Amino acid sequence: MNALEIRQLKKTYSNGVTALKGIDLDVAEGDFFALLGPNGAGKSTLIGIVSSLVNASSGEAKVFGISVQKQRSQAMAEIGLVPQEVNFNQFEKPFDIVVNQAGYYGVPRRLARERAEYYLRQIGLWDKAFRMSRTLSGGMKRRLLIARAMVHQPRLLILDEPTAGVDIEIRRSMWKFISEINAAGTTVILTTHYLEEAENLCRNIAIIDRGEIVEHTSVRELLGQLDIETFVLDLRRPIEQAPVIDGIELILRDPSCLEASLPKSRSLNRLFRALEEKDIEVVSMRNKANRLEELFVRLVTFEQEQQA
Amino acid sequence: MTVKVSAASYWIGYKTILIKEVTRIVRIWAQTLIPPIITMSLYFIIFGTIIGRRVGEMDGIPYMDFIVPGLIMLSVITNAYGNITSSFFGAKFGRHIEELLISPLPPWIILAGYVSGAVFRSLLVGALVLLVAGAFSGFHLHNLPVTLSVVVLTAVVFALAGLINAIYARKFDDISIIPTFVLQPMTYLGGVFFSVSLLPGITQTLSLANPILYMVNAFRYGMLGISDVSLWVAYAIIIGFGAVLLTISLLLLSRGVGLRS
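Since we're looking at a predicted model, the values are computed, not measured.

### Side note on the overall build of chain B
Point 1. Counting its secondary structure elements, chain B contains 11 helices and 2 strands.
Point 2. Secondary structure of chain B in N-to-C order comes out as α-α-α-β-β-α-α-α-α-α-α-α-α.
Point 3. Over its C-alpha trace chain B gives a radius of gyration of 19 Å, about what one expects of a compact globule, namely 18 Å for 261 residues.
Point 4. If one aligns the C-alpha atoms of chain B with their principal axes, the spans along those axes are about 70 × 35 × 35 Å.
Point 5. The proportion of buried residues among the 261 residues of chain B is 52%.
Point 6. Put simply, chain B shows about 11300 Å² of open surface, and 72% of that area lies on carbon and sulfur atoms.
Point 7. In chain B, which carries 15 positive and 9 negative side-chain charges, the distance between the mean positions of the two groups comes to 11 Å.

Right, dumping it as structure tokens:
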């Protein structure tokens, strides 16, 4: 069974803006799914419709086979939502926020307290559980949103840019927690601007642009489309100009830094042999950009050019 | 395992909203409970003791005793209305209303939770004002069922009216316009401080179009056994208003007016 099924979903707001132009999307149960797209592409509208915060103009969204439009209450019981913006009452304590959220889903109060403690401990907020929420840092507030979304133990967890503005250490701990949740069987749908997150965490991906799905495939297949990779090479000794090597594009970024772009079919050994012959010693090497980011930019730019 | 949606889960949801509301009211007691007590004490001192001594009796009742039911109703009305507008609009403004909107709770449970919270505060304040009044004029009770039913129904009516106001409100000014320019004048002209029989012809007839007049008089009947209007007409008007406001509130919440895009 699919965790999420979307058919011909359209949304036109009262100001005439069409945010979704009849999209179809399937997310399999147990998947870790990335939903990517530039700002204003329709991601938040789509999440809004699935979580019933936005009314669809037409079409249908089903969560584990339950229609959001026809059986809203049943469908909502299956979903946990981590919104893009902090939306809890900042004059309440984290413990109360999580316990109350459990109550809205029908979790008895005693069990809600136990679960609130469990998830606040898991997310590293138990020591702040009884402080006023407004005193929490930005990263803590984001973690509280995750604990709140998990307290009724949903089968589908939707995270709308959950790590925006969060430092790398907290971001990593958050991803570890979310990965464990996914490994335990919860389907996860993620939107993020950190594309390396999507590349590292997600198995399947959809790219949405101007209200349309422009790509819907597995991350592996998508990355397979990338035929050229670019590496940044740090050199031991400075050089004056980029060497010429057949089939590999080399650009000298500065006297000690060389950029090499080569097709995936070409071996890196060939690059290193050629550099060694020219007495150029490489001390370190890294990918110039995130691979998914390159594809994302390429796909979105292509769509925009087509429409223009 | 996900909790299944059932009557039991709705009941837990309702209790959660109510507990949250009661906690909020108690947490900010200096804003919710103290001001009405101070205001009403001043009314009792100025209108009851100082002016009331010169007025003497109203409808055969000492003036101090006469104004007690009206002042309790004034507190109940303003607190029921004020509680739900500030709480619901605050949740909308701070976007934590989304916690409820994405939950499985149907609109009628959300409505019941918020209305119950507003009724709780208004009855608590009403009881505190009654205690203050007791210090000035002693306690009077003519008919307990009438007293209780009228005060609860009135609190429900104004909680529903406040909810509709909060649903449409877009800024904080929008939740203060109706209490200031509609509710307060209607309450003061609704027989809190005087019997409508004192008003000249046309004014008396116009006063009968004010629903608050019926609420105040029905409550006065419950406490003192006197009323300017028929008790049954008063019940019909209170219940009628309640039914209309309930229908509108449920319709607005179900459609997500002002809440869902």
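There is more to say after this.
### A few points about the overall build of chain A
Point 1. Scanning chain A from N- to C-terminus turns up 10 helices and 14 strands.
Point 2. Its C-alpha atoms give chain A principal-axis dimensions of about 75 × 45 × 35 Å.
Point 3. Taken over 308 residues, chain A has a buried fraction of 53%.
Point 4. Considering only residue pairs separated by 6 or more positions, chain A has 67% of its internal contacts joining residues 24 or more positions apart.
Point 5. In the form shown here, chain A has an accessible surface area of approximately 14000 Å², with 46% of it arising from carbon and sulfur atoms.
Point 6. Treating the 40 positive side-chain charges of chain A as one cloud and the 41 negative ones as another, the clouds have centres 7 Å apart.

### Thoughts on the sheet that holds strand S5 (residues 66–67) of chain A
In any sheet, the strands associate via hydrogen bonds between backbone groups, in a parallel or an antiparallel arrangement.
Residues and elements named next belong to chain A.
Point 1. Spatial ordering of the open sheet is given by S2-S1-S4-S5, a layout of 4 strands whose pairing is antiparallel. Looking at the sheet topology across the chains shown, the edges are occupied by strand S2 (18–28) and S5.
Point 2. Where strand S4 (residues 58–63) lies against S5, 2 bridges are found, and the strand directions are antiparallel. Bridging across to S5, Val63 finds its partner in Ile66.

### Observations concerning the domain arrangement of chain A
Point 1. Here the domain parsing of chain A yields domain 1 (2–224) and domain 2 (228–292).
Point 2. A separation of 41 Å is found between the C-alpha centroids of domain 1 of chain A and domain 2 of chain A.

Cut-offs applied
Along each chain, the written sequence defines residue order, and numbers are assigned to residues from 1. All chains are assigned letters beginning with A, and all ligands numbers beginning with 1, in the order in which they are written. Residues qualify for local features only when their pLDDT is at least 70, as the model is predicted, and side-chain atom pairs are given and counted only at 80 or more; totals for whole chains, interfaces and linings, by contrast, use all residues. Side-chain measures here rest on the full set of heavy atoms in the structure, leaving out hydrogens and waters. Secondary structure elements are defined from DSSP: runs of H or I of at least 4 residues count as helices, runs of E of at least 2 residues count as strands, and each element is numbered from the N terminus. Our radius of gyration looks at C-alpha atoms and nothing else; its globule reference is 2.2 Å times the residue count to the power 0.38. Exposure categories follow from relative accessible area, calculated using a 1.4 Å probe and restricted to protein chains: below 20% of the type maximum is buried, above 50% is exposed, and the middle band is partly exposed. Each accessible area is a Shrake-Rupley result for a 1.4 Å probe, and residues are judged covered by the shown protein chains and nothing else. Think of it this way: Lys and Arg go in the positive column, Asp and Glu in the negative one, and His and the chain ends go nowhere. Charge placement uses NZ in Lys and CZ in Arg. For Asp and Glu, CG and CD serve respectively. Two residues qualify as a contact provided that any one of their heavy atoms is within 4.5 Å of a heavy atom in the partner residue. We treat two strands as partners when DSSP finds at least two bridges between them. Residue ranges for the domains trace back to a domain assignment, done automatically or taken from a database.

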